[in-house]
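# Chain and residue survey
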Amino acid sequence: TNQIAARAHASIGSLYEFFPNKQALAQALADRYVAQLGAVIEERMVNEPAWTGEQLVDSIVTALDHFWRRHPAVVPLLRGALGAPALMAAGEQLRLALVGHIEAILLERRRDVDAERALLAAEMAIDLTRTLLERAQAEPVHRRPVVLRELKIAIIGYLRTAMPPPGH
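These lines cover the structure that appears in this document, whether it is placed above or below. (Residues numbered from 1 in each chain as written. Predicted model: local features only at pLDDT ≥ 70, side-chain atom pairs only at ≥ 80, totals over all residues. Heavy atoms only, no water.)

What follows deals with the overall build of the protein chain. The helix and strand tally for the protein chain stands at eight helices and zero strands. In the protein chain, the succession of helices and strands from N to C terminus is α-α-α-α-α-α-α-α. For the C-alpha atoms alone, the extent of the protein chain along its principal axes is close to 65 × 35 × 25 Å. Looking at the protein chain as a whole, 38% of its 168 residues qualify as buried. When the accessible surface of the protein chain is split by element, carbon and sulfur atoms take 59% of a total near 9700 Å². (Helix = DSSP H or I, 4+ residues; strand = E, 2+ residues; numbered from the N terminus. Buried < 20%, exposed > 50% of the residue type's maximum accessible area, 1.4 Å probe, protein only. Areas by Shrake-Rupley, 256 points an atom, 1.4 Å probe, with all protein chains shown as cover.)

What follows deals with the side chain of Lys152. Its location among the elements puts Lys152 in helix 8 (residues 144–162). A distance of 3.4 Å separates the side chain of Lys152 from the side chain of Thr62, its partner in a polar contact. If we ignore the near neighbours within four places in the chain, the residues touching Lys152 are Val57, Asp58, Val61 and Thr62. (Polar contact = N/O pair within 3.5 Å; in protein donor to acceptor, adjacent residues only side chain to side chain. Contact = heavy atoms within 4.5 Å.)

We now examine the pattern of salt bridges. Under the counting rule described, the total for this entry stands at nine salt bridges. Arg95 is the partner of Asp127 in a salt bridge, and the nearest nitrogen-oxygen pair spans 2.9 Å. Of this pair, Asp127 sits in helix 7 (residues 115–138) while Arg95 sits in helix 6 (residues 85–109), and the two are 32 residues apart along the sequence. Its relative accessible area of 23% is what places Asp127 among the partly exposed residues. Taking relative accessible area as the criterion, Arg95 reaches 12% and is therefore assigned buried. Here Arg143 ties to Glu139 by a salt bridge, and the two come within 2.8 Å at their closest N and O atoms. Residue classification places Glu139 among the buried positions, given a relative accessible area of 15%. (Salt bridge = Lys/Arg side-chain N within 4 Å of Asp/Glu carboxyl O.)

The end-to-end C-alpha distance of helix 7 is 35 Å, a good match for the 34 Å that 24 residues give at a rise of 1.5 Å each. Summarising the contacts, the buried residues of helix 7 are in contact with helix 4 (53–70), helix 6 and helix 8. (Expected span 1.5 Å × (residues − 1).)

Our next topic: unusual backbone geometry. Where the residue is not glycine, phi is negative for most of them; where a peptide bond is considered, it is trans in most cases. With a phi close to 55°, His9 is a non-glycine residue in the positive phi region. If you trace the backbone, His9 turns up in the loop between helix 1 (2–7) and helix 2 (12–18). Overall, the relative accessible area of 75% leaves His9 in the exposed class.

As enumerated under the stated definition, the model contains two aromatic pairs in all. Both rings, one in Tyr33 and one in Phe67, keep their centres 6.3 Å apart while their planes meet at 80°; by these two values the pair is edge-to-face. Of this pair, Tyr33 sits in helix 3 (residues 22–44) while Phe67 sits in helix 4, and the two are 34 residues apart along the sequence. Each of the two residues, Tyr33 as well as Phe67, counts as buried. (Phe/Tyr/Trp six-rings, centres within 6.5 Å; stacked < 30°, edge-to-face > 60°.)

Right under this line is the structure:
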């Protein structure tokens with residue numbers, strides 16, 4: 001809280017006027033991240049019909065990576081690293097929004113796939129992305145592009161296996 005107050009050029013007392021405790025402050029930050037990532041989903045994770053699956057995966061992973069880099073506290077905060085059930089719920093809200101978006105894209109692109117299969121594939125793709133983006137964030141700067149490329153390869157390979165084209 002001291003660092004937050006210093007960055008905000010405010011006193012600790014002023015900070016506690018708006019946030020009664022650290023959990024309330026963390027929840028406000030989590031809510032802000034959920035809203036900002038919602039905007040990223042709407043603006044940057046679009047399903048361009050002319051794009052190949054690889055281009056779509058690249059666009060989604062790149063958008064998420066950019067967001068994670070700009071907001072490095074988002075992952076531990078939304079995972080409930082502070083131990084608050086409300087933060088864990090905010091993290092799950094974010095995960096479900098991402099899963100729903102990916103599921104919709106999969107169903108739009110693959111009308112032959114049933115909704116349950118698309119939901120499971122979306123969940124796996126998002127969980128894999130979240131885990132490997134955390135790994136990429138921890139890597140030295142020069143290795144980050146390599147890890148991101150491997151992440152994209154893993155997702156593309158998974159989706160090809162999980163949802164093969166009709167007749168395969």
